[in-house]
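# Chains, contacts and geometry: an overview
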Protein chains: 2
Amino acid sequence: MSKRPKTAAASSSAKSATRKKADDNPPEFLINVLRDRIANHDLPPGSKLRENSISEEFGVSRARVREAFGGLEERGLIERIPNRGAVVTRLEAPQVFELFAVREVLEGLAVRLATENQPPESWQDLVDLFDKPLEQAVNENDLEFYIEALATLRTRMVIGAESQTLESLLDSIYDRTRVLIRRLVILPGRARQGLKEHRAMLAAMRAGDAEKAEQLKRANIRGSRATFDKFQKFIL
Amino acid sequence: MSKRPKTAAASSSAKSATRKKADDNPPEFLINVLRDRIANHDLPPGSKLRENSISEEFGVSRARVREAFGGLEERGLIERIPNRGAVVTRLEAPQVFELFAVREVLEGLAVRLATENQPPESWQDLVDLFDKPLEQAVNENDLEFYIEALATLRTRMVIGAESQTLESLLDSIYDRTRVLIRRLVILPGRARQGLKEHRAMLAAMRAGDAEKAEQLKRANIRGSRATFDKFQKFIL
DNA sequence: TGTAGGAATATTGTTGACAATTTTACGGAC
DNA sequence: GTCCGTAAAATTGTCAACAATATTCCTACA
């Protein structure tokens, strides 16, 4: 990792569509855009965030940028060092394991709540999607389609759980793990196994068995963690 | 709740010990002090935070106060409304239930990790503390002692879990629930029941039974939730 | 070539001023 | 007493300037 970290200016030059002359976005707009860029590695770990660059790009005051930095730091997405600026945090392996442990219980909870809260037939479209269409996609190595389906599933699960508190926690973790999860999915055999596990989980949800669905989701995440353990040298 | 919300100035006049002429505290000092005040209701729900007052009290720039506000907002502790200022958030009943659900799985995880990570004999002092000394305290309605013991237990559990990620999540939740939990503990019969449950949990930890310890902690929190359900009109 | 030192440049941290918005206070009418 | 309008005061949001600190660049020397 001797590569020179990209600055925000370098990345943000591709994002002029977000440039506002007079800022009429709500205050949370800025922090959410930055969250997204950090989460999808447009601003990769280690990159420096320049107050002036962001201020110029978004047409907001430096003061507002600094406030957003305050928020991003509380979310663990950046680290600010006095007089030296803000850097996007890196995930080290021990943290990844911590995140997996936490994801396991929280996503398990989300699946349970979603199963309890929603009528069983509301999962049928996902059961269908994870049936033949995704089987075909995985067979043809159309992993983008699979990853999209996983994202859809996640969103539905979070919405179905009907807990703002849980959603906020899950989002906070997802911001930090999104790219990692994506890298794990594309590893050999992982998509096939994941499809199988998600199908079983969806079947349990469809049957209204919240406890079983939770356990299956938790097992899925433990499997993901085991994959990370095996391949961590290549993933981080 | 027609009482006029206290302003930060009113509360902060009692805190001049924190006043610094030249600020030589690390940047996170301010947000941590404010977190603590919010968590223990020195800045109670609904109270307004005035930038100038805080700036003067702590001898820091208004800009730094605003940055801290950015962080507090991301933690869900305050809500900022453009041009109107920052208000300490209130917990409504549905949120409390959400927090209980999340606490259950996360504190359960913490107990499990702590049991797995620490040698069984390291819990002996807590086993002893929750034996005769706390029995006596509860018998004599010395609830302050009991609450302190719970705080000690919590701290030990979090440290023992050895997960920064989990600790951060737990702290974030604790900031929002600390006073509520305290109010629940003092309700009739709750301390006695809680002592019994924590003893059983500590016995499981002492025996190195992580799974059982986790289940007992989870049950303890579910009991706490049921108590809240019963008394919520008096507690919120 | 590598290192050290100094200057120039860049960036962060703070401050004070002012614009914009909201809140409070006051007086008058009903 | 309540309501409304107006003015004054308070507070937030932003800006520009400048101080403080860090980084980068250049030169000289071993």
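Since we're looking at a predicted model, the values are computed, not measured.

With that settled, the discussion passes to the packing of aromatic side chains. Residue and element names in this part refer to chain B. In this structure the tally under the stated criterion is eight aromatic pairs over all chains. Measuring from centroid to centroid gives 6.3 Å for F29 and F58, while their planes differ by 75°, and the two rings are edge-to-face. Here F58 lies in helix α3 (residues 51–58) and F29 lies in helix α2 (residues 28–39), a separation of 29 residues in the sequence. By relative accessible area, which is 25% here, F29 ends up partly exposed. F58 sits in the buried class, given a relative accessible area of 1%.

Let's shift gears to the side chain of R154(B). Mapped onto the elements, R154(B) comes out in helix α8 (residues 143–161). The buried category is assigned to R154(B), whose relative accessible area is 16%.

Our focus in this paragraph is the relation of the copies chain B and chain A. Superposing chain B onto chain A takes a rotation of 180° combined with a translation of 0.0 Å along the rotation axis, leaving an RMSD of 0.0 Å. Here the symmetry operator amounts to a two-fold rotation axis. Counting the interface residues of chain B, we find that 100% of their copies in chain A are interface residues as well, pointing to one common contact surface.

Glancing now at the pattern of salt bridges. Residue and element names in this part refer to chain A. According to the stated counting rule, one finds 41 salt bridges over all chains in the structure shown. For E57, the salt bridge identified is with R37, shortest N-O distance 2.6 Å. Highlighted residues: E57 in helix α3 (residues 51–58) and R37 in helix α2 (residues 28–39), separated in sequence by 20 residues. For the pair E57 and R37, one class covers both residues: buried. With its nearest N and O atoms 3.6 Å apart, the salt bridge here joins D175 to R75.

Criteria and thresholds
- Along each chain, the written sequence defines residue order, and numbers are assigned to residues from 1.
- The order in which chains are written sets their letters, starting at A; the order in which ligands are written sets their numbers, starting at 1.
- Only residues with pLDDT of 70 or above have their local features reported here, since the model is predicted, and side-chain atom pairs are shown and tallied only from 80 upward, although totals for entire chains, interfaces and linings are computed over all residues.
- Each side-chain value is worked out from all heavy atoms of the structure, with water and hydrogens disregarded.
- Aromatic contacts are taken between Phe, Tyr and Trp rings whose centres are within 6.5 Å, Trp giving its six-membered ring; a plane angle under 30 degrees counts as stacked, one over 60 as edge-to-face, and the others as tilted.
- Helix numbering and strand numbering both begin at the N terminus, where a helix is a DSSP run of H or I of at least 4 residues and a strand a DSSP run of E of at least 2.
- Relative accessibility decides the category of a residue: with a 1.4 Å probe and only protein chains considered, values under 20% of the type maximum give buried, values over 50% give exposed, and everything between is partly exposed.
- All copies are superposed by least squares; the fitting set is the C-alpha atoms of residues with a pLDDT of at least 70 in both.
- Note on contacts: a residue pair is in contact if any heavy atoms of the two residues lie within 4.5 Å.
- The term salt bridge refers to a pairing of a side-chain nitrogen on Lys or Arg with a carboxyl oxygen on Asp or Glu at a separation within 4 Å.

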